[in-house]
Amino acid sequence: MSKLWGGRFTKQTDQLVEQYTASITFDKAMAEEDIQGSLAHVTMLGKCGILPQDDVETIKEGLHQVMNRIQSGDMNYSVSDEDIHMNIEKTLIDLIGPVGGKLHTGRSRNDQVATDMHLYLRKRVVTFAGLLVQLQEALLKQAKANLDTIVPGYTHLQRAQPILFAHHLMAYVSMFERDIERLTDSYKRINTLPLGAGALAGTTFAIDRHFVAEELGFERVYENSLDAVSDRDFIVEFLSNASLIMMHLSRLCEELVLWSSTEFQFIELDDAFCTGSSIMPQKKNPDVAELVRGKTGRVYGHLVGMLTVLKALPLAYNKDMQEDKEGMLDTVETLDGALRLFAPMVETMKVNRDRMRQAVRQDFSNATDIADFLVNKGMPFRQAHEVIGKTVLYCIEQNKYLLDLSLDEFQQFSPLFDEVIYEVLQPENVVNARNVFGGTASVQVEAAIRRAEQAIVQS
Ligand code: ARG
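Since the structure is predicted, the reported quantities are computational estimates derived from the model, not experimental observations.

## Looking at the pairing of strand β1 (residues 150-155)
And then number 1: Two elements, β1 and strand β2 (residues 158-164), share six bridges in a ladder whose sense is antiparallel. Its bridge partner being in β2, I150 is matched across the sheet by L164.
And then number 2: Between β1 and β2, which pair antiparallel one after the other, the connecting turn spans two residues, and H156 there sits at a positive phi close to 60 degrees.

## Things to note about the domain arrangement of the chain
Much of the literature gives interface size as the accessible area that the parts lose upon coming together.
And then number 1: Examined at the domain level, the chain breaks down into domain 1 (11-105), domain 2 (110-197 + 223-353) and domain 3 (359-458).
And then number 2: When each unit is reduced to the centre of its C-alpha atoms, the spacing between domain 1 and domain 2 is 34 Å.
And then number 3: On the side of domain 2, 12 residues touch domain 1, which itself brings 11 residues to the contact.
And then number 4: Per element, the largest residue contribution to the side of domain 1 that touches domain 2 is five residues, and it comes from helix α3 (residues 31-47).

## Let's talk about the packing of helix α14 (residues 367-376) against helix α15 (residues 381-398)
And then number 1: Running from amino to carboxyl end, α14 crosses α15 at an angle of 135 degrees, the nearest separation of the two axes being 9 Å. On the basis of their axis angle, the class for α14 and α15 is oblique. The crossing of α14 and α15 is right-handed. Contact residues: A367, I370, A371, L374 and V375 in α14; F381, A384, H385, V387, I388 and V392 in α15.

## Some remarks on the site of the ligand
And then number 1: Neighbouring the ligand are the residues S23, D27, D83, R109, N110, V113, Y317, K319, M321 and Q322.
And then number 2: Among the elements that make up the shell around the ligand, the one with the highest residue count is helix α6 (residues 109-145) (three residues).
And then number 3: A per-class count over the shell around the ligand returns three nonpolar, three polar and four charged.
And then number 4: Counting contributing residues per domain, the shell around the ligand is built from domain 1 (11-105) and domain 2 (110-197 + 223-353), each supplying no fewer than three.

## Quick look at the UniProt feature "domain: Argininosuccinate lyase C-terminal" (unreviewed entry) in the chain
And then number 1: With numbering matched to this structure, UniProt assigns "domain: Argininosuccinate lyase C-terminal" (unreviewed entry) to residues 364-432.
And then number 2: Secondary structure across residues 364-432 divides into 67% helix and 0% strand, with the first and last C-alpha atoms of the span separated by 17 Å.

## Side note on the nonpolar core
And then number 1: If you look at the biggest cluster of nonpolar residues, it comprises 96 residues, and the most contacted ones within it are L135 and M170.
And then number 2: Top element by residues in this core is α6. It accounts for 14 residues.
And then number 3: L135 has contacts with F176, L339, F342, A343 and V346, leaving out every residue within four places of it along the chain.
And then number 4: Core analysis: the next-biggest nonpolar cluster, separate from the first, contains 11 residues, L402, L405, F410 and F417 among them.

## As for the UniProt feature "domain: Fumarate lyase N-terminal" (unreviewed entry) in the chain
And then number 1: UniProt records the feature "domain: Fumarate lyase N-terminal" (unreviewed entry) at residues 7-301, using the numbering of this structure.
And then number 2: Within the segment residues 7-301, helix and strand shares are 61% and 6% respectively, and the terminal C-alpha atoms sit 40 Å apart.

## Side note on the packing of helix α7 (residues 165-190) against helix α10 (residues 233-259)
The relative placement of two packed helices comes down to the angle between their axes together with the axis-to-axis distance.
And then number 1: Running from N to C, α7 and α10 cross one another at 170 degrees; their axes reach a closest spacing of 10 Å. Here α10 runs roughly antiparallel to α7, going by the angle between their axes. Residues Y172, M175, F176, D179, R182, L183, S186, R189 and I190 of α7 touch α10, and the partners they reach there are D233, F234, E237, F238, N241, L244, I245, H248 and L252.
And then number 2: Here the residues of the contact of α7 with α10 are counted per class, giving 10 nonpolar, three polar and five charged.

## Some details on the environment of S414
And then number 1: Along the polypeptide, S414 turns up in the loop between α16 (407-413) and α17 (420-424).
And then number 2: Along the sequence, S414 and V387 sit 27 residues apart, while their C-alpha atoms lie 7.4 Å from each other.
And then number 3: Those residues in contact with S414 that sit more than four places away from it in its chain are L374 and V387.

## Quick notes on unusual backbone geometry
And then number 1: Across the junction of L315 and A316, the peptide omega takes the value 0 degrees, indicating a cis bond.
And then number 2: Here A316 lies in the loop between α11 (287-310) and α12 (324-348).
And then number 3: If you check the backbone angles, H156 has positive phi at about 60 degrees while not being a glycine.
And then number 4: Inspection of the secondary structure puts H156 in the loop between β1 and β2.
And then number 5: Assessed through the 6 C-beta atoms surrounding it within 10 Å, H156 is described here as exposed.
And then number 6: One non-glycine residue, L157, lies in positive phi territory at about 55 degrees.
And then number 7: For L157, the location among the structural elements is in the loop between β1 and β2.

## Concerning α3
And then number 1: Counted at 1.5 Å a residue, the expected span for α3 with its 17 residues is 24 Å, and the 25 Å between its end C-alpha atoms agrees.
And then number 2: The element α3 is largely enclosed, with a buried count of 12 among its 17 residues.
And then number 3: Its buried side turned inward, α3 meets α4 (53-71), α5 (84-96), α6 and α8 (209-216).
And then number 4: G49 occupies a position one or two residues after α3 and carries a positive phi of about 75 degrees.

## Digging into the environment of L244
And then number 1: For L244, the location among the structural elements is in helix α10.
And then number 2: Linking L244 and R178, residues 66 residues apart in sequence, is a C-alpha distance of 9.6 Å.

Reading guide: rules and limits
Residues numbered from 1 in each chain as written. Predicted model: local features only at pLDDT ≥ 70, side-chain atom pairs only at ≥ 80, totals over all residues. Pairing = 2+ DSSP bridges. Helix = DSSP H or I, 4+ residues; strand = E, 2+ residues; numbered from the N terminus. Domains from an automatic or database assignment. Contact = placed C-beta atoms within 7 Å. Axes fitted to C-alpha atoms, helices over the stretch in contact; angles between N-to-C directions. Parallel < 35°, antiparallel > 145°, perpendicular 65-115°, else oblique. Left-handed = near helix turned anticlockwise from the far one by under 90°. Near = placed C-beta within 6 Å. Nonpolar A, V, L, I, M, F, W, Y, C, P; charged D, E, K, R; others polar. UniProt positions renumbered as here; feature names shortened; annotations may be inferred. Core = buried A, V, L, I, M, F, W, Y, C linked by C-beta atoms within 7 Å. Buried ≥ 20, exposed ≤ 12 C-beta atoms within 10 Å, placed from the backbone. Expected span 1.5 Å × (residues − 1).

Below, the structure is given as structure tokens:
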């Protein structure tokens, strides 16, 4: 098989080398982007008078034919043509003859591959932002349905203070909002055109990079040709953003797994999002949540892998950089799979309000509030903390909760206690007392929901 770069060689490539150096098995994922870039490039070559218009039309026609083959699954990819760029060019030449060889004028695979990756990620990042909004909407729906569902809030996984379940869910809405912001911010760097940098130094042809940028919808053109072909920051940034999204999903997964256990019974995931056991007939396992939690690891791995590939790489292009693709493509698939499942899984989960409410009545998560009660009566907080600590200890010894104590019992610990304490200790009042911006009081959570809905409408 003759190579597009075969002129300088007197021997065939070793077969193992051919297989080892080829990227076609995975970079064919960017086939459409490669053609999109070529169409813009050849249009520019015509417009700048570098190629006669006749040739430009023939090449464009040929590229459309190749695109049809790709889209209909009729494209024959060959490892001996190494990568997607040369596979397409070779097919083009087969289809339209030697004139196809003019396409690569003023261009290198180095600026071509970078362009393909920019085009590819640009599209995906927009999809991911959309999927995150859908997840936010599912969380908001559950939050609105649970504005009066009180649940223990935890620190150290020990019951801490009661909160609205809606407030807990809204924390995730905030996390995903930051993820959307990060993706949106990364877009301007992804939306920068490398093409026209040539192999590394620019090109001797009088090309118009800004025209190509406009054709392809890029906002900017890389300033420096060396940087254009060796920059993979935008991929690292994507992998980092994806890692954060997966980490957020994984934390929610962990909570869903815990909450759906018999020990908690706070939620029940819909049957459609669970699987069974091949031996234990009673089992209903939260596999999706577990798997998303598990797959978070591979995304972190791709981030560290990419950073390590780039570390100490001299400018400009090095073959090491071909290692940028599999991690990126796998991350795109992993993130896509997780996000598509998550919104419906959250939306269809059943919330066991009674169980949550019952949990709040059987703990000491209202203890801070009676300490605050004494503080409002003039006792220094540190002293109130000590008094309530002793009261809780007494309750534990008596096998009681705070609301079970008589006023006499309360007053043994401090004469400042009065009847009002029974009101203060009610879970609703405990929740609504935290009426500070960002707090769990109903009015604050309702306001937070309104702000989040507004942000979605504006985006
Ligand atoms: N398949 C290569 C890659 O993915 C394309 C660029 C190759 N350039 C080169 N000079 N070998 O990085």
